[in-house]
Amino acid sequence: MAIILDGKKLREKIFEDLILKVEKMPVKPTLAVILAGDDPSSKIYVNNKRKCAQKLGINSMVFEYPSDVSQSEILKKIDELNDDKNINAILVQLPLPEHIDKFKVIDRILPSKDVDGLTTYNSGKLFSGEEPFVYPCTPKGICLLLDEYKINPAGKHVVVIGRSNLVGKPVAQMMLRRDATVTICHSKTENLAEITKTADILISAVGKNVVGEKNIKLNSVVIDVGIFKDLSGSIRGDVEFDEISNKASYISPVPGGVGPMTIASLMLNTVELYNKQHDL
Ligand code: GUN
């Protein structure tokens, strides 16, 4: 039976440590979140971020806008937050409404306040092998989870399914930095199973049920980043957990695997940005 990569447990460990660190800070870090539109999942995610910040003593502010908000209004808010010395971290919750240019919006955030590490500056630093202000939250969470279980990707074949800017592309870069041999697969990949079967570490970030027993190698590590509701309303990941639990050596469950690590990374990044802004 595969060992469970327990993101919930690691998140609690990270939070215990962060609570002590934040307690000692004379001024508490502040995270500002922009939420535009009425995507129900986004509302839940943002509410969870607010609750976690509160638990840790981190200040958080949420600026909510209707789905017909203009791009200029969002840009104006980002300018205000950039100029406000009391704001240390800015997050624009994605997806944004269709009429808004997400690249333009994200790039308006000062790189030193970009808590998602998604601006051109920070992703450029990541892709060129330099230090960004912070690393994107979900990929960072995956790395922390692998570190906790002493899984070293160096020299291993890491296969990533998904090529999003939030997860697929940055996690591939972070694995490359850790000396893995990396393959990125996506919706147009032919013979997906032929490739995924060669993975020592398989990271699936699709949001659809794509990984079953036939896709994985014996004793591989399987990281499931997908989270969605199936037709019966149950929360599911990309991976058929029951099918592979006797074949993989480690699996991250959904829920309770990567999800809690994303939020832990967001909190870590908020404190990290505060410290960098204060030369700590
Ligand atoms: N939407 C889903 N995940 C994320 C995330 O990590 N950051 C942002 N900004 N939006 C998201």
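Residues numbered from 1 in each chain as written. Predicted model: local features only at pLDDT ≥ 70, side-chain atom pairs only at ≥ 80, totals over all residues. Heavy atoms only, no water.

Asks: How should the environment of Glu64 be read in this particular structure?
Replies: Mapped onto the fold, Glu64 is located in strand β3 (residues 59-65). A relative accessible area of 53% means that Glu64 is categorised as exposed. Separated by 27 residues in the primary sequence, Glu64 and Gly37 place their C-alpha atoms 7.9 Å from one another. Aside from chain neighbours lying at most four places away, what touches Glu64 is Leu35 and Lys43. (Helix = DSSP H or I, 4+ residues; strand = E, 2+ residues; numbered from the N terminus. Buried < 20%, exposed > 50% of the residue type's maximum accessible area, 1.4 Å probe, protein only. Contact = heavy atoms within 4.5 Å.)

Asks: Just checking my understanding: could you explain helix α6 (residues 137-148) for this structure?
Replies: An α-helical turn contains 3.6 residues, so a residue and the one three or four places further along point in the same direction. The end-to-end C-alpha separation of α6 is 16 Å, in line with the 16 Å expected for twelve residues at 1.5 Å each. Turning to α6, its buried residues are Cys137, Thr138, Pro139, Lys140, Gly141, Ile142, Cys143, Leu145 and Leu146. Packed against the buried residues of α6 are α1 (7-23), α7 (168-177), β7 (201-204), β8 (221-224) and α10 (258-277). (Expected span 1.5 Å × (residues − 1).)

Asks: Would you mind going over the sheet that holds strand β5 (residues 157-161) with me for this structure?
Replies: If you trace the six strands from one edge of the open sheet to the other, you get β1-β11-β8-β7-β5-β6, paired in parallel fashion. One side of each edge strand has no neighbouring strand; the edge strands of this open sheet are β1 (3-4) and β6 (181-185). Examined bridge by bridge, β5 and β6 share five bridges and lie parallel to one another. What sits directly across from His157, in β6, is Thr181. (Pairing = 2+ DSSP bridges.)

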